[in-house]
Amino acid sequence: MSEKKSAALDRREMLGMMAGAALAAPVLGVSGLAAAQAPRPAGREKDKAPPPARGATVSPQPYTLPPLPYPKNALDGFLSAEILELHHDKHHAGYVRGLNNALAGLEEARKKGDFAQIKALERELAFHGSGHVLHTLYWNSMSPNGGGNPPPRLADALTRSFGSVDAFRKQFAAASKAAEASAWGVLAYEPLGDRLIILAVEDHQNMGFQGAYPLLVCDVWEHAYYLRYKNDRGTYVDRFFDVINWQFADERLGEALRLRG
Ligand code: MN
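Definitions and limits used
- Residues numbered from 1 in each chain as written.
- Predicted model: local features only at pLDDT ≥ 70, side-chain atom pairs only at ≥ 80, totals over all residues.
- Heavy atoms only, no water.
- Helix = DSSP H or I, 4+ residues; strand = E, 2+ residues; numbered from the N terminus.
- Buried < 20%, exposed > 50% of the residue type's maximum accessible area, 1.4 Å probe, protein only.
- Contact = heavy atoms within 4.5 Å.
- Donors = N, O, S within 2.8 Å, 3.2 Å for Na, K, Ca; no water.
- Pairing = 2+ DSSP bridges.
- Axes fitted to C-alpha atoms, helices over the stretch in contact; angles between N-to-C directions.
- pLDDT = per-residue confidence, 0-100.
- Phe/Tyr/Trp six-rings, centres within 6.5 Å; stacked < 30°, edge-to-face > 60°.
- Salt bridge = Lys/Arg side-chain N within 4 Å of Asp/Glu carboxyl O.
- Arc of directions from axis to C-beta.
- Left-handed = near helix turned anticlockwise from the far one by under 90°.
- Nonpolar A, V, L, I, M, F, W, Y, C, P; charged D, E, K, R; others polar.

Caption draft 1: Spatial organisation of the overall build of the protein. Counting its regular elements, the protein contains 10 helices and three strands. Sequence-ordered secondary structure for the protein, helices as α and strands as β, is α-α-α-α-α-α-α-β-β-β-α-α-α. Taken over 261 residues, the protein has a buried fraction of 44%. Within the protein, contacts between residues at least 6 apart in sequence are counted, and of these 72% link residues at least 24 apart.

Caption draft 2: The coordination of the manganese ion, seen in detail. The protein atoms that coordinate the manganese ion are His87 (NE2), His135 (NE2), Asp219 (OD) and His223 (NE2), at distances of 2.0 to 2.2 Å. Each donor residue of the manganese ion lies on one chain, and together they are spaced H-x47-H-x83-D-x3-H. Remark: His223 occurs in the loop between strand 3 (213-219) and helix 8 (226-229) and His135 occurs in helix 5 (residues 118-140); sequence separation between them is 88 residues. Take His135: its relative accessible area is 0%, and that puts it in the buried class.

Caption draft 3: Focus on the sheet that holds strand 3. Spatial strand order, 2-1-3: three strands in an open sheet with antiparallel pairing. For this open sheet the edge positions go to strand 2 (195-202) and strand 3, each flanked by a neighbour on one side alone. Taken over all neighbouring pairs, the strand axes of this sheet differ in orientation by 20° on average, direction set aside. Relative to strand 3, strand 1 (residues 183-190) runs antiparallel, the two being bridged by six bridges. Following the sheet pairing, Tyr189 is matched in strand 3 by Tyr213. Helix 6 (residues 152-162) rests against strand 1 and strand 2 of the sheet, and its axis sits at about 80° to strand 2.

Caption draft 4: Representation of the confidence of the model for the protein. The predicted model of the protein averages 85 in pLDDT, with 78% of residues at 70 or higher. Within the model, pLDDT remains below 50 along residues 1-47, and this stretch shows 71 contacts once partners closer than five positions in the same chain are excluded.

Caption draft 5: Here's a closer look at the packing of aromatic side chains. Tallying each qualifying case throughout the model produces 15 aromatic pairs. Aromatic pair Tyr95 and Trp221: ring centres 6.4 Å apart, planes at 70°, arrangement edge-to-face. Here Tyr95 is found in helix 4 (residues 81-112), whereas its partner Trp221 is found in the loop between strand 3 and helix 8, with 126 residues between them in sequence. Residue Tyr95 shares its accessibility class with Trp221, and that shared class is buried. The buried category is assigned to Trp221, whose relative accessible area is 13%. The structure contains a cluster of three or more aromatic residues connected by ring pairs, namely Phe162, Phe168, Phe172, Phe240, Phe241 and Trp246.

Caption draft 6: Summary view of the environment of Pro69. Residue placement: Pro69 occurs in the loop between helix 3 (24-37) and helix 4. Residue Pro69 is classed as buried on the basis of its relative accessible area of 10%. Distance from Pro69 to Trp139, taken between C-alpha atoms, is 6.9 Å for residues 70 residues apart in sequence.

Caption draft 7: Up close: the pattern of salt bridges. One pass over the structure, following the stated rule, counts 11 salt bridges. Between Lys111 and Glu107 there is a salt bridge; the shortest N-O distance is 3.5 Å. Residue Lys111 and its partner Glu107 are both found in helix 4; the two are separated by four residues, about one turn of the helix. We note a salt bridge from Arg239 to Asp242, for which the minimum N-O separation is 4.0 Å. Taken together, the positions of Arg239 and Asp242, both in helix 9 (residues 233-243) and three residues apart, correspond to about one turn of that helix. Take Arg239: its relative accessible area is 30%, and that puts it in the partly exposed class.

Caption draft 8: Layout of helix 9. All of the buried residues along helix 9 are Arg233, Tyr236, Val237, Phe240, Phe241 and Val243. Buried residues of helix 9 fall within an arc of 165° about the axis and therefore sit on the same side.

Caption draft 9: Inspection of the environment of Val165 at higher detail. Tracing the chain through its elements places Val165 in helix 7 (residues 165-178). With 11 residues separating them in the primary sequence, Val165 and Leu154 have C-alpha atoms 9.2 Å apart. The residues contacting Val165, other than those within four sequence positions of it, are Pro150, Ala155, Leu158 and Thr159.

Caption draft 10: Region of interest: the packing of helix 7 against helix 9. Two elements in contact, helix 7 and helix 9, have axes separated by 10 Å at closest approach and are oriented at 145°. Judged by the sense of rotation from one axis to the other, the crossing of helix 7 with helix 9 is right-handed. Residue-level inspection shows Phe168, Arg169, Phe172, Ala173, Ser176 and Lys177 of helix 7 in contact with helix 9, the latter providing Arg233, Gly234, Val237, Asp238, Phe240 and Phe241. Its residues assigned to classes, the contact of helix 7 with helix 9 comprises six nonpolar, two polar and four charged.

Laid out in structure tokens, this is it:
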């Protein structure tokens, strides 16, 4: 199931999951191409606009909440259906709404020529946009068929970057447990150094590494685990490895390597 679902993640979503500021261009670029290819409403021939030239700028679409890649009770041994429902339907949905609101606010500012709120709007864009990206990755970083060992390509990359798969597990768990307050453990491919790195991202948008391409994430905000694990973040992080979706991370690594060329 995990393989089917992660493969079903479309290219726009995949490209949209770039980290930090680096995500903006691919999201808009690919969204724009998708919009250009969408069927247009029928109308009189003379009213029809000519098709946009290749690479032409078109209006980007609003962001939407993707469905969970499995039923809400599919991870019940790890996280309850109640946690997943609240987390996806309320928290993740809120970040999608906040992202669209930030973009609408920026559009309004441009129209009015009034940038008095620009600092707040840029902060909202970074927070909610990164929140949307990270949550989309998080659902796919877990699978009811997860756990076990990584596929050979990912295992080799983990070994080259961290010494061994077990050394990766220990560092990822330590970073996720030690991160202060609302944070994320992130495994990412860093194209300049051609290596994997582990980040402890704070909120959604801080402590990142520009251009790094996230492969696998663990949400350690309290809303992710408190209803079952209370204040025991450590057990939640340790058990995350029981459902970890190595296959998804391996596919993301393949995508990152193709983008790097
Ligand atoms: Mn969350």
